[in-house]
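Here's the letter readout for the chains.
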Amino acid sequence: MKKSWMVNRVMHSPLCGLRGSLIGIYASEEDAIAAVKICIEAWRKAYENEGVEVDFDKMAAWFDYDPSDGCHWFITPIETP
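Scope of this entry: the structure provided in the associated data block. Along each chain, residue indices are assigned from 1 in the same order as the chain's sequence is written. Since the coordinates come from a predicted model, pLDDT governs what is reported: local features require at least 70, and pairs of side-chain atoms require 80 or more to be given and counted, while whole-chain, interface and lining totals use all residues. Calculation of side-chain values draws on the structure's entire complement of heavy atoms; hydrogens and water are dropped beforehand.

What follows covers the packing of aromatic side chains. Aromatic rings from Phe, Tyr and Trp, with only the six-membered ring used for Trp, were paired whenever their centres fell within 6.5 Å, and each pair was classed as stacked if the ring planes differed by under 30 degrees, edge-to-face if by over 60, and tilted otherwise. Taken as a whole, this structure holds four aromatic pairs when the rule is applied. Aromatic pair W43 and Y47: ring centres 5.0 Å apart, planes at 50 degrees, arrangement tilted. Ring geometry for Y47 against F63: centres 5.2 Å apart, planes inclined by 75 degrees, an arrangement best described as edge-to-face. Linking Y47 in the loop between helix 1 (29–46) and strand 3 (52–55) with F63 in strand 4 (residues 60–63), this pair joins segments that are 16 residues apart in sequence. A network of ring pairs unites the aromatic residues W43, Y47, F63 and Y65 as a single cluster. Comment: elements are numbered from the N terminus, with helices defined as DSSP H or I runs of at least four residues and strands as E runs of at least two.

Turning to the nonpolar core, a few remarks are in order. Here the nonpolar core consists of buried residues drawn from Ala, Val, Leu, Ile, Met, Phe, Trp, Tyr and Cys, with membership extended through side-chain atoms lying within 4.5 Å. Note on exposure labels: buried denotes an accessible area under 20% of the residue type's maximum, exposed denotes more than 50%, and partly exposed covers the range between, all computed with a 1.4 Å probe on protein chains only. If you look at the biggest cluster of nonpolar residues, it comprises 13 residues, and the most contacted ones within it are V36, I40, W43, A61 and W73. Of all the secondary structure elements, the ones that give two or more residues to this core are strand 1 (2–13), helix 1, strand 3, strand 4 and strand 5 (66–80). With five residues, the single largest contributor to this core is helix 1. Between two residues, a contact is recorded if the distance between any of their heavy atoms is within 4.5 Å. Sequence-distant contacts of W43, that is, excluding residues within four places in its chain, are made with V52, A61, W62, F63, G70, C71 and W73.

Any link to function would need more than the numbers given here.
Following this line, the structure appears as structure tokens:
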């Protein structure tokens, strides 16, 4: 078995609840971190006209008007064949 890193995103909203998705599985932690940064930038760009905040260190993004409406990303080490 070899070590890999799984990246997941959890979107949270008072109206829609929680929704999770798998972004991908990466061969190195550095690749996983780079993928999260790309996803956060894409999220910020998609909603830039609505006023958003991002925190790359906490792997989180949210709307200015409601911090309970946004996304969190998670990197989890896993073992793969």
